[in-house]
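# Reading the structure
For reference, the chains in residue letters:
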Amino acid sequence: MDNHADSIYRLVLTQKEWGISEIAAKLGIPETHVRSTIDRLVDLSLLRRSSGALRPGSPSVAFHSLLQRQRTDLLRRQEEFVAAEHAVNRLIDEYSELCAVGARDECDRLESVEAVRARIETLARWASSECLSFMPGGAQSSESLEASRPLDDMLLERGVDVRTVYLDSACNDASTLTYARWLTERGGKVRTAPTLPLRMVIFDRGLALVPLDPQHSGKGAVEICGEGIITALIALFEQVWASATPFGTVRNRCQDDITRQEQELLRLLAQGLTDEAASKKLGIGLRTHRRMVADLMDRLGARSRFEAGVKATEKGWLVC
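This section reports on the structure supplied with the text. (Residues numbered from 1 in each chain as written. Predicted model: local features only at pLDDT ≥ 70, side-chain atom pairs only at ≥ 80, totals over all residues. Heavy atoms only, no water.)

### Details of the side chain of D152
Looking at the secondary structure, you find D152 in helix α6 (residues 142–157). Buried charged residue D152 carries no salt bridge. Nearest counter-charge: R149, at 8.3 Å. In this structure, D152 is in contact with V162, Y179, W182 and L183, ignoring residues within four places of it in sequence. (Helix = DSSP H or I, 4+ residues; strand = E, 2+ residues; numbered from the N terminus. Buried < 20%, exposed > 50% of the residue type's maximum accessible area, 1.4 Å probe, protein only. Lys, Arg positive; Asp, Glu negative; His and termini not counted. Salt bridge = Lys/Arg side-chain N within 4 Å of Asp/Glu carboxyl O. Contact = heavy atoms within 4.5 Å.)

### A short note on helix α8 (residues 227–243)
An α-helix turns once per 3.6 residues; consequently, residues spaced three or four apart project the same way. The first and last C-alpha atoms of α8 sit 25 Å apart over 17 residues, in line with the 24 Å expected at 1.5 Å per residue. Among the residues of α8, those classed as buried are I229, I230, L233, I234, L236, F237, V240 and W241. Burial along α8 is one-sided: seen end-on, the buried residues are contained in an arc of 160 degrees. Opposite the buried face of α8, by more than 90 degrees, sit the exposed residues E227, G228 and A242. (Expected span 1.5 Å × (residues − 1). Arc of directions from axis to C-beta.)

### Describing the packing of aromatic side chains
Under the definition given, this model contains three aromatic pairs. Where Y179 meets W182, the ring centres are 5.3 Å apart and the plane angle is 45 degrees; that geometry is what we call tilted. Remark: W182 and Y179 occur in helix α7 (residues 174–185); sequence separation between them is three residues, near one turn of the helix. The class of W182 is buried, set by a relative accessible area of 17%. Arranged with centres 5.8 Å apart and planes meeting at 20 degrees, the rings of F237 and W241 form a pair that is stacked. Remark: W241 and F237 occur in helix α8; sequence separation between them is four residues, near one turn of the helix. W241 carries the same exposure label as F237, and that label is buried. The lysine or arginine in question, R149, covers the ring of W182, its NZ or CZ lying 4.6 Å from the ring centre. Over the aromatic face of W241 sits the side chain of R163, whose NZ or CZ is 5.2 Å from the ring centroid. (Phe/Tyr/Trp six-rings, centres within 6.5 Å; stacked < 30°, edge-to-face > 60°. Lys NZ or Arg CZ within 6 Å of the ring centre and 35° of its normal.)

### Observations concerning the sheet that holds strand β9 (residues 221–224)
As summarised here, the arrangement of the eight strands in space is β3-β9-β8-β7-β4-β5-β6-β10, forming an open sheet in which the pairing is mixed. Of all the strands in the sheet, just β3 (107–110) and β10 (245–246) have a single pairing partner and so form its edges. When β3 meets β9, the two strands line up antiparallel, connected through four bridges. Bridged to L110 within β9 is A221. Lying over the sheet, helix α5 (residues 113–126) contacts β3, β7 (200–203), β8 (207–211) and β9, oriented at roughly 160 degrees with respect to β8. (Pairing = 2+ DSSP bridges. Axes fitted to C-alpha atoms, helices over the stretch in contact; angles between N-to-C directions.)

### A look at the packing of helix α9 (residues 260–270) against helix α10 (residues 275–282)
At a closest axis distance of 10 Å, the pairing of α9 and α10 adopts a crossing angle of 145 degrees. α10 is crossed by α9, and the crossing has right-handed handedness. Between α9 and α10, the residues in contact are Q261, E264, L265, L268 and L269 and D275, A278, K281 and L282, respectively. (Left-handed = near helix turned anticlockwise from the far one by under 90°.)

Listed below in C-alpha cells is the structure:
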C-alpha cells in the first residue's frame, strides 16, 4: 500500500459517510486516482462496496491475507532463484568443458587473476551501454577496490549504466562501504543481497566473465559470448537485482524481528551446508556465523539445530 492507499483506507474507517469527492478534496488528489486506488483496496479485501457506499473490511483478516500472499510470493521467488542458479551452474560447467577441448567460438579461458584483470580492463574500455556485476565474498580486498576504481570511473564518465550487487555483509567493511558510497555518488547503482550465486561481470549484454571454479575465483575465468548463456546470466542478474536492497537504505527485517541475512542463513543450513560453506556464501567469518546460529537458537528457544529448524518453519522464518 502506498501513502494514498493508506490515507484513503483510514478515511473510510473514520469518515464512513464520505464519498469519492469528499475523499479527493480532503487529500488533494484527482477523483480518478481515488477511484483506481479504491478498486485496488477492494481487490485486497480492505474495502467492500455495500449499497453504493464504501465499508472497511476486517483489518485482521485482510492484512493477514496480504502477509500470506507475500510469503507465498517469497517462496516462489526463492524457488525460481534456486532453479536459475542451478541452471547457470550447469551451463558454466558445460562451457568450461567446451573450452577445455578447444572450442573457442563462444567462450575462452583466462587462467590467471592477471589475465582476468587485463581482460576486464579491455572490456571496460570497449563497453558503451551497460556493466552488470555480482561481487560475492563479503568485504572486497583493497587491491581489488583500487583496481576497480579507475575502470568504474571511466565507465561512468562515458555514461555507461553500472549496476553492482554486493553481499549484505560487505557493508560491515569500512573500505567496501566507502567504495560503494563513492560509486553511487558518481552515478553507479549499488544493491546488496544476503547471498550471491557466483562472481560475474556482464558487458553490454553481449559478453560475460564468470569463474572457472565458482568456489575459487582466483583460478581464472571463462569469457562467454554465446547468446543462450548470456541471456540466462542476465535473467539471473535481474532476478537478484529486483529483490536486493538499494545501497543506503535501511535493511528491514523480514518479519518477527529476523533479518534477510539471518533468514538466508537458516535456508542454507536447512539445505545441509556446513558452517564453513554457509559462512562463505554469506561472506562472513566462521565465528560470526556460529554466533548468529547461537543467537537464532536462543531467540527460538531451541536446544538443537534440528529443533531450531522446526521452530523457524512454524514461525514462518524458514519458507523453503
